[in-house]
Every structure is written in structure tokens, then in C-alpha cells.
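# An overview of the molecular structure
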Amino acid sequence: DVKVTQSSRYLVKRTGEKVFLECVQDMDHENMFWYRQDPGLGLRLIYFSYDVKMKEKGDIPEGYSVSREKKERFSLILESASTNQTSMYLCASSFNEKLFFGSGTQLSVL
Amino acid sequence: GDSVTQMEGPVTLSEEAFLTINCTYTATGYPSLFWYVQYPGEGLQLLLKATKADDKGSNKGFEATYRKETTSFHLEKGSVQVSDSAVYFCALSDRPSSASKIIFGSGTRLSIRP
């Protein structure tokens, strides 16, 4: 079975802090994604990556950056966390257009 | 840009009722279409997919047909069960290739009464 692991299930940070969310997949998938999930808004794509060091902006990239130095790891970075970035963050990898999701990180920015 | 619009919830039905959840899309190319499901306390998982016009995806009694003329991919089930209570997301993949961007609708919460 494909395993997508997100480093933290719950995270609490202060406004202005730099936040790193880590995601690792074990199936050698080329594509990886970061979404945020908010009630009533569904899943919104922040960034995705289709190869090491390659990335594309999604629909809401502002305030975020990403890093893909190794194929199995895709990191989401909040350069200066703000309260409107409080959300559930979901990482996924894909093969043949099928997404495999991690269990999510609930981030609260106070 | 590409987008997915699905009917707002929540949708509440009695067991054995017929279910339809509407989904329409906007895309410049020829997207693949998907339904994902999120059961309470669980992660999202693929329910079904269709990759070209007139394809029908099916799984667990659910069906959806890719209608290019109406840009729709409505989810249907003939007789719902309490265990179908979940949030359902319609999604599209904008490029049928390895570098595809996958975007989602806002989700529809379904509750089934015994």
C-alpha cells in the first residue's frame, strides 16, 4: 500500500513564525501536491511538484513556498505565518492521476 | 482557469433513497474527472474516475458519466446506505499526463438517515 506520511497531526504556531510542513511518500511517485481544506471551500491547491526541484503554483500560492530536494519528500513552507493560514493541510502524491493522501496536519496560527 | 462546481450540501436522505450529487466543470482541454470520498475521521480516497467523454466510472454502487456536451459528471447511486454518509468531492485533472494539476470542488456532505 502507498504510504504518504505527514510529520505532524496537530501544530500550533504564533503569527510571524516560519513554519515547515513535511510530507514523505514511499512509492517513488513523481507528482506531489499540497492542498488546504477549509469548511465550505473544499480542497484548494497551493503548490504541486512533478519532479525533483520542479514546482508549479496552484490556485492559492500566496504566503507559501515549497521545496522538493528529493523525490520522496515535499515540504510546504509558510514564510511568516498569519491567522488566515489556520487550516487543515493535506499532502498527496499521485500515480496515473490517482491521488494518495496523507492524514493531514491541522495547523492553528495564534 | 479550470474549475469544478458541485452542489452545496448538506444533503440528507433516507436509507434506500436515490442519490444524485451534481458536478459541472470548466476546462480548456480534455480533463479526466474524478469523485473522491472522505468518510468521517478518514482521509480522502478515490471513489471513481472517467478519462474521456461518455466514459462511465463506477465503484461501490456509485456511478458517474463524463458528459462533454453538458460539462458534467454527476454522481448517482440507486439505493444509499447509512455507511455512505461522507463528504464527496468532484475533481478534475487538467492534463492527461504525468504533470497534471488536480483541482477539487467544494465538497458535498451527505447524511443518510436509517
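In what follows, the accompanying structure is described. Every value quoted in this text rests on a predicted model; they were computed, and no experiment measured them.

Assignment of secondary structure puts Ser-94 of chain A in strand β10 (residues 87-95). Take Ser-94 of chain A: its relative accessible area is 5%, and that puts it in the buried class.

Here we take up the pattern of salt bridges. Following the criterion strictly, the structure yields ten salt bridges over all chains and no others. Linking Lys-101 of chain B and Asp-59 of chain A is a salt bridge whose minimum nitrogen-to-oxygen distance equals 3.5 Å. Remark: Asp-59 of chain A occurs in the loop between β7 (54-57) and β8 (64-70) and Lys-101 of chain B occurs in the loop between β10 (86-93) and β11 (102-104); the pair is interchain, linking two chains. Given the relative accessible area of 18%, Lys-101 of chain B is considered buried. When its relative accessible area of 42% is taken as the criterion, Asp-59 of chain A is described as partly exposed. A salt bridge links Lys-77 of chain B to Asp-84 of chain B; the nearest nitrogen and oxygen atoms lie 2.8 Å apart.

Parameters and conventions
Residues numbered from 1 in each chain as written. Chains lettered and ligands numbered in written order. Predicted model: local features only at pLDDT ≥ 70, side-chain atom pairs only at ≥ 80, totals over all residues. Heavy atoms only, no water. Helix = DSSP H or I, 4+ residues; strand = E, 2+ residues; numbered from the N terminus. Buried < 20%, exposed > 50% of the residue type's maximum accessible area, 1.4 Å probe, protein only. Salt bridge = Lys/Arg side-chain N within 4 Å of Asp/Glu carboxyl O.

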